[in-house]
Amino acid sequence: MPRLIFLGPPGAGKGTQAERLAAAYHMPKISTGDLLRAEVKAQTPLGSQAKVYMDAGELVPDAVLVGMVKGQLQKSPEQGWILDGFPRTLPQAEALEELLKDLGQDYDHVLNLDVPDQVLVARLLARGQEQGRSDDADEAVILKRLEVYRQQTAPLIDFYEAKGRLQRVNGNQSMELVQEHLQALVQGCSEAGKLGSGRR
Ligand code: AP5
């Protein structure tokens, strides 16, 4: 089963597409934003700490996320996985390389969704109005998330490109077309007999 990493700015469609591919391939998605929001909702100590960062549009400390993802990757490795929202910093990406090496796993694709900033802001403001997600409610927080993305997450594009592992997808088209493009990439990998081969 494929092991996929989704990259892209806030609002690029990582969660939407992770959900669709997880359903299409009957595989789990590991969404760090969802995991953190569940902690916040359950009012755990971790959730209370994370909420402060999330509401400010900042990233939650790396150590918290690495521990969280490690537990998820260990669950059922044979089913493949989709990482949505992790890694998000260079230290997280480096920790993931080590984690996967220790677990005898590897990723098949790093899929980067490209969407212009003005489209991202419009999508997130609309979701804030419809669903009341607290970090979408205020344009200033959305702009802060985009700034944090540019400073801390965008460097991952070069990180994975240098490894020859990055694939870019235009995320500024309908959800159906984005999904089609992503599945074509994953399917291409499958047909080439590369899925789950543990390339390193
Ligand atoms: P997270 O939940 O990961 O938020 P995000 O990256 O800001 O991602 P979004 O959910 O906003 O965007 P998305 O790309 O998933 O787009 P989506 O599909 O939802 O993280 C939240 C917070 O948690 C972070 O700010 C941070 O504090 C913390 N956190 C999480 N992971 C962390 C980590 N690894 N390290 C440290 N901190 C971490 O779509 C957005 C909207 O657009 C939706 O309404 C959707 O319907 C719409 N849409 C999607 N695709 C399309 C399309 N093609 N056309 C039109 N509309 C579309």
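Residues numbered from 1 in each chain as written. Predicted model: local features only at pLDDT ≥ 70, side-chain atom pairs only at ≥ 80, totals over all residues.

- The protein appears in an unreviewed UniProt entry as Adenylate kinase from Thermostichus vulcanus str. 'Rupite'.
- As stated in UniProt under Subunit (unreviewed entry), the record for the protein gives "Monomer."
- Quoted straight from UniProt, the Sequence similarities (unreviewed entry) entry for the protein says "Belongs to the adenylate kinase family." (UniProt positions renumbered as here; feature names shortened; annotations may be inferred.)

1. As for the nonpolar core
Alright, step 1. Membership of the largest hydrophobic core comes to 40 residues, with the highest contact counts inside it found for Leu 4, Ile 5, Phe 6, Ile 82, Leu 83 and Leu 111.
Alright, step 2. Discounting residues that sit within four places of it in the chain, Leu 83 has contacts with Leu 4, Ile 5, Phe 6 and Ile 30. (Core = buried A, V, L, I, M, F, W, Y, C linked by C-beta atoms within 7 Å. Buried ≥ 20, exposed ≤ 12 C-beta atoms within 10 Å, placed from the backbone. Contact = placed C-beta atoms within 7 Å.)

2. Remarks on the site of the ligand
Alright, step 1. Around the ligand sit 30 residues in total, of which Pro 10, Gly 13, Gly 15, Gly 33 and Gly 85 are the nearest.
Alright, step 2. Of the residues that constitute the shell around the ligand, the class distribution is 12 nonpolar, 11 polar and 7 charged. (Near = placed C-beta within 6 Å. Nonpolar A, V, L, I, M, F, W, Y, C, P; charged D, E, K, R; others polar.)

3. Here's the deal with the pairing of strand β3 (residues 81–84)
Alright, step 1. Burial along β3 is two-sided: the residues Trp 81 and Leu 83 and Ile 82 and Asp 84 are all buried.
Alright, step 2. Here 4 bridges tie strand β1 (residues 3–7) to β3, and the two strands are oriented parallel to one another. Counterpart to Ile 5 in the pairing with β3 is Leu 83.
Alright, step 3. With 3 bridges joining them, strand β2 (residues 29–31) and β3 adopt parallel strand pairing. Among the inter-strand pairings, Ser 31 is bridged to a residue of β3, identified as Asp 84. (Helix = DSSP H or I, 4+ residues; strand = E, 2+ residues; numbered from the N terminus. Pairing = 2+ DSSP bridges.)

4. Quick look at the packing of helix α4 (residues 62–73) against helix α5 (residues 90–103)
Alright, step 1. Their axes nearest at 10 Å, the elements α4 and α5 cross at an angle of 30 degrees. One element, α4, and the other, α5, form an angle in the roughly parallel class. Of the two elements, α4 crosses α5, and the hand of that crossing is right-handed. Where α4 approaches α5, its residues Asp 62, Leu 65, Val 66, Lys 70 and Leu 73 are matched on the opposing element by Pro 91, Gln 92, Ala 95, Leu 99 and Leu 103. (Axes fitted to C-alpha atoms, helices over the stretch in contact; angles between N-to-C directions. Parallel < 35°, antiparallel > 145°, perpendicular 65-115°, else oblique. Left-handed = near helix turned anticlockwise from the far one by under 90°.)

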